[in-house]
Amino acid sequence: MAGKAPKSDPVQDAPQVGGPKHAAAGLPAVGHSLRIAQQQMGVRRTALTLLRVNQKEGFDCPGCAWPEPDHRHAAEFCENGAKAVAEEATLRRVTPEFFAEHSVADLATRSGYWLGQQGRLTHPMYLAEGGEHYEPVTWARAFDLMGEEFARLDSPDEAVFYTSGRTSNEAAFLYQLFARELGTNNLPDCSNMCHESSGSALSETIGIGKGSVLLEDLYQADLIIVAGQNPGTNHPRMLSALEKAKASGAKVISVNPLPEAGLEKFKNPQTAKGMTAGAPLTDLFLQIRLGGDQALFRLLNKLILDTPDALDDDFIAEHTHGFEEFAATARAADWDETLTATGLTRAEIEEALRMVLASEKTIVCWAMGLTQHKHSVPTIREVVNFLLLRGNIGRPGAGVCPVRGHSNVQGDRTMGIFERPAPAFLDALEREFGFAPPREHGYDVVRAIRALRDGEAKIFFAMGGNFVSASPDTDVTEAAMRKARLTVHVSTKLNRSHVVTGARALILPTLGRTERDLQGSGEQFVTVEDSMGMVHASRGRLKPASPQLLSEPAIVCRLARRVLGEGSATPWEEFEKDYASIRDRIARVIPGFEDFNARVAHPDGFALPHAPRDERRFPTATGKANFTAAPVEFPKLPEGRLLLQTLRSHDQYNTTIYGLDDRYRGIKNGRRVVLVNPEDAQGLKLEDGDYVDLVGEWKDGVERRAPGFRVVVYPTARGCAAAYYPETNVLVPLDATADTSNTPASKSVVVRLEQSATA
Ligand SMILES: Nc1nc2c(c(=O)[nH]1)N[C@H]1C(S)=C(S)[C@@H](COP(=O)(O)OP(=O)(O)OC[C@H]3O[C@@H](n4cnc5c(=O)[nH]c(N)nc54)[C@H](O)[C@@H]3O)O[C@H]1N2
Ligand SMILES: Nc1nc2c(c(=O)[nH]1)N[C@H]1C(S)=C(S)[C@@H](COP(=O)(O)OP(=O)(O)OC[C@H]3O[C@@H](n4cnc5c(=O)[nH]c(N)nc54)[C@H](O)[C@@H]3O)O[C@H]1N2
Ligand SMILES: [Mo]
C-alpha cells in the first residue's frame, strides 16, 4: 500500500499493555523497521535507500547524532534510523489538491500522527489573511510576500529565526549570516530545549560546550556511566559501541528512574551471535528518582574525597581551579539527604563507589534525563567535578559524553546558530563579510514565545522542526504564534506548526537528506557534524519528492537577495550555485575548518579540534578546568502528587509519530498512557487501566490539564511518573525552566491525577 495515506484520522488511542521487555534490537527490530519502511516506500526503494544510510558515499542518517564507526556494516543504521529515513523517502504526497480538500480549520483538528502520515510536501503554499485554505504560490510570489512583511518591520529584532537540528552546516551558516546581515541575533534553536544545559555547564567548566570523547575512547574505557538516557530507543547504534566496550572489559552503570530495555540487554542485529544471545549491558542499575542526579554525584564526590589515594593530585594541581572551595562543600554532603533525593539504598551507592574507584578510565554519557530539570546546569557541573577528581578528562578512555539528539544539532551551533554568539565569532563574520553584526543577544526559544505573545516579535521563520508541538505550554505557545503577522516554515512534512499560524502563513517545501541536490554548478553535497565533533559529507541520491522543491541553502540565498537587496555585498547567487563556495567562507570564519573543502573530501571526514581532549588545555575564564560548588537541589513533592517526566516512545521522532506502540515498554496501540509506580498507584487508589486527567501544579496557579490518560502500573521509581511528549507539553509551564540555560524543565512537572471524565 505504499503511496496511500490513511484517509481518516487513525488515532484510536486504545492502549494495550503487556509489561516491559528486557532486551532491545535484534531480529524483531529489523523486521519491524523493514515493514514500516516498505509501507512508506515500497520494496525496491526501501532496499536502495537503506543501503546508503551512513555509508561513505551515502547520506548521513537523519535519525540521531551518534557517530559512524570506521568499519561500517552494510546496514549501518538501526530500526529507528530506518523509520526516520522512511518518513522522508515516503512515496506519499501532500499536494495542492490535498490543501483544497482540507481547510486549515479541519487540519487543526487532526492528530500530529495523521498530519505526518500524509506524506511529503510538494508545492510552496500560502495562507492569506482571513483565508480558509492554503493555496499554491510560485516561489517568486512567496519571496515577494516575505519581502513585503520584512519591509514592514520597525526593527530586525521583530523577526525570529528558529532552526531544528537537521539543517546542514552549509544551510545553517547562510541562515545565521542572513539573520545577522538583517540585524538580529534572534536565532533560537531546538538545542534551547535539548542540550543547552550541557553547553552551559561544559563551557563554564571545561571551556567548550561539546563532549570530549571519540568512539575509540568508549572502547577503551573501564567504566561507562549512562545517566538519563534511553539509547535502546533514541541512539540504538550506541548499544553496539557499549557492547564492544564491554567485550574489552568495560563495566556499565545505568542511572535512570526507568529500567530501559536497551540498557538491560542488547541483541546486536549486525552480528550472528547478537541475533540470538543478547548480552546484558548494565552491570549496575541505579533506579534513581527524577532530579536526584546532582545529589548522587555530590555524595560520590564526597566519598572519593574521603578515600585515601583516590584523587589525581597532579591533574588537580596542574589543570584545575577551585578545588578547595568545591572540596569543602562536597565533604558536607549528607547520606540521608542523598538517599531521600535519589531513592537509592546505601548499598547501591557503595557498590557504585567501588566500581568508580576500580576504574582508571571513566566516561559519563547523558541526555535529556540530565538536561531538562530546573537544576540541570549544576547537575552537569557536578558530573564534571566527578570526572575532574580522578583526572578523567583529556586522556584516552575517559571524559564527558553528552549524547546529542538531532543529526546536525551540534554542527548548527558550530555554524553560529546561537542567540548569544561569542564576540570572536562576530568579529570573524565582520572581517569576512564587511558588515557590522548585531552584538546584543537575541531570543532563545522561551524568550521568542514570550516576544510573540507580547507582540514584540512579528515574523516567525522556521528552518525545519515543529515549533508549536515541540515547545512547552502548548496553549500559550499556540496563542503566541497566532499573534504573528507572518509565520513561515521550511519543511519536508506537514505538521501542526503549519496549521497554527500567524495572520499570513507560508509553507516552503524543501529537499531532505536522501534527495539529490542539483544546482547551477552541478550536483551538490552538504556536511554535518556528529555528537563527537566529526565532520563529514552527506549526499542524497533519490529523485526529489517533487520538482518544485528548493534546497535549504537555495531558499536562504533567494530570501536574502529579496530582503537585503543591494544592501548586501554577500555573493548569495554564487553560494546557491556552488556549495563549495560556502565552505570556503566557513573555512575562513570558523576555527577548525581550515582547508574545509579538501579535508571533507576524505571519506571519513575529519575531527574538529577540542582543546581539553587533544591537549588537556581548558579555554575557560581561569585558563583551567573549573571545579564548581553549588548547593544540592532536588524536586520536593507535595503530598499526593507525582513528578512527571515527559519522554519519547519507541515509535516517534520528537514530534513525528511513526506508530502508536512503545514495544520495549510493552505498550501497544496508544500514546495517552501514564506510567505509575505500583505503590504510588495503590496510595492514590488507582488501578492499572483506570483513566485519569494529568493536572499540572505550578506556582502561577494556572490549571494545566491533559485529559484522558490510561494508568499503566509500571516499575518506575517511587513518586516518578512518565508520559509521552508532545501530548504532555500542555503541562510544562513556559516559565518553568532550567537556571542559566533556560531549557524547559520537561522532566520534572508536578502533577496530580484526577479520575477522568473522558475515559
Ligand atoms: N528514535 C528516536 N531517536 C531519537 C529521538 C526520537 O524522538 N526518536 N530524539 C532525538 C533527540 S532530539 C534527542 S535530544 C535524543 C533524546 O534521547 P533521550 O534523552 O534518551 O530521550 P528521552 O525519551 O527524553 O529519555 C530520557 C531518559 O532519561 C531518563 N530520565 C528522565 N529524567 C531523569 C532524571 O532525572 N535522572 C536520570 N538519571 N534519568 C532520567 C528517562 O527515564 C529516559 O530513559 O534522542 C534523539 N534520537
Ligand atoms: N515535553 C517535552 N518537550 C520537548 C522534549 C521533551 O523531551 N519533552 N524534547 C525537546 C527536544 S530534545 C527537541 S530536540 C525538540 C525538537 O523540536 P523540533 O526539532 O522543532 O521538532 P521535530 O519533531 O524534530 O521536527 C519535525 C519536523 O521537521 C521537519 N523536517 C524533517 N526533516 C527536515 C529537513 O531535512 N529539512 C527541513 N527544513 N525540515 C525537516 C518536518 O516537517 C517535521 O515535521 O523538542 C523538545 N521538546
Ligand atoms: Mo533534542
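Residues numbered from 1 in each chain as written. Chains lettered and ligands numbered in written order. Predicted model: local features only at pLDDT ≥ 70, side-chain atom pairs only at ≥ 80, totals over all residues. Heavy atoms only, no water.

Caption draft 1: Local environment of the domain arrangement of the protein. Here the domain parsing of the protein yields domain 1 (16-88), domain 2 (93-193 + 411-591), domain 3 (196-403 + 621-626) and domain 4 (642-755). Placing a centre on the C-alpha atoms of domain 2 and another on those of domain 4 gives a separation of 31 Å. Facing 20 residues of domain 2, the contacting portion of domain 4 comprises 19 residues. Where domain 2 packs against domain 4, one counts two salt bridges. The salt bridge partner of D473 is R704, with a shortest N-O separation of 2.8 Å. Considering every element that reaches the side of domain 2 that touches domain 4, the biggest residue donor is helix α24 (residues 445-453), with five residues. (Domains from an automatic or database assignment. Contact = heavy atoms within 4.5 Å. Salt bridge = Lys/Arg side-chain N within 4 Å of Asp/Glu carboxyl O. Helix = DSSP H or I, 4+ residues; strand = E, 2+ residues; numbered from the N terminus.)

Caption draft 2: Expanded view of the site of ligand 1. If you check the shell around ligand 1, you find 31 residues, and the closest are N256, E260, D293, Q652 and N654. Measuring from a nitrogen atom of ligand 1, one finds a side-chain N or O atom of D293 at 2.7 Å. When isolated, ligand 1 has an accessible area of 920 Å², and the protein chains bury 99% of it. Only α11 (231-234), α20 (368-371), β25 (642-647) and β26 (652-653) provide two or more residues apiece to the shell around ligand 1. Here the shell around ligand 1 is built from residues that sort into 11 nonpolar, 16 polar and four charged. A domain-level breakdown of the shell around ligand 1 finds at least three residues from each of domain 3 (196-403 + 621-626) and domain 4 (642-755). (Near = heavy atom within 4 Å. Polar contact = N/O pair within 3.5 Å; in protein donor to acceptor, adjacent residues only side chain to side chain. Areas by Shrake-Rupley, 256 points an atom, 1.4 Å probe, with all protein chains shown as cover. Nonpolar A, V, L, I, M, F, W, Y, C, P; charged D, E, K, R; others polar.)

Caption draft 3: Layout of the site of ligand 2. Y162, S164, E552, T655 and N729 are the nearest of the 30 residues found near ligand 2. A distance of 3.1 Å separates a nitrogen atom of ligand 2 from a polar atom in the side chain of R648. Contact with the protein chains removes 96% of the 940 Å² of surface that ligand 2 exposes when unbound. Split into classes, the residues belonging to the shell around ligand 2 amount to nine nonpolar, 16 polar and five charged. Residues from two domains meet in the shell around ligand 2; each of domain 2 (93-193 + 411-591) and domain 4 (642-755) gives at least three.

Caption draft 4: Seen up close, the packing of helix α8 (residues 169-182) against helix α23 (residues 423-433). One can describe the packing of α8 onto α23 by two numbers: an axis separation of 12 Å at closest approach and a directional angle of 85°. It follows from the interaxial angle that α8 and α23 lie roughly perpendicular. When α8 is examined against α23, the residues F173, Q176, L177 and R180 are found in contact with a partner set consisting of F425, L426, L429 and F433. Partitioning the contact of α8 with α23 into residue classes produces six nonpolar, one polar and one charged. (Axes fitted to C-alpha atoms, helices over the stretch in contact; angles between N-to-C directions. Parallel < 35°, antiparallel > 145°, perpendicular 65-115°, else oblique.)

Caption draft 5: Examining the sheet that holds strand β14 (residues 362-366) more closely. Across the sheet, five strands lie side by side as β12-β9-β8-β14-β15; this open sheet has parallel pairing. For this open sheet the edge positions go to β12 (284-286) and β15 (399-402), each flanked by a neighbour on one side alone. Here the average twist between neighbouring strands, direction ignored, is 15°. Examined bridge by bridge, strand β8 (residues 223-227) and β14 share five bridges and lie parallel to one another. Within the sheet, the bridge partner assigned to V226 lies in β14 and is C365. Against the sheet, helix α19 (residues 346-358) contacts β8, β9 (251-255) and β12, and its axis sits at roughly 130° relative to β12. (Pairing = 2+ DSSP bridges.)

Caption draft 6: Broad picture of the packing of helix α15 (residues 293-306) against helix α18 (residues 335-342). The contact between α15 and α18 brings their axes to 9 Å, and the two run at 150°. Between α15 and α18, the interaxial angle falls into the category roughly antiparallel. α18 is crossed by α15, and the crossing has left-handed handedness. Residue-level inspection shows A295, L296, L299 and L303 of α15 in contact with α18, the latter providing W335, T338, A341 and T342. Classifying every residue of the contact of α15 with α18 by side-chain character gives six nonpolar, two polar and no charged. (Left-handed = near helix turned anticlockwise from the far one by under 90°.)

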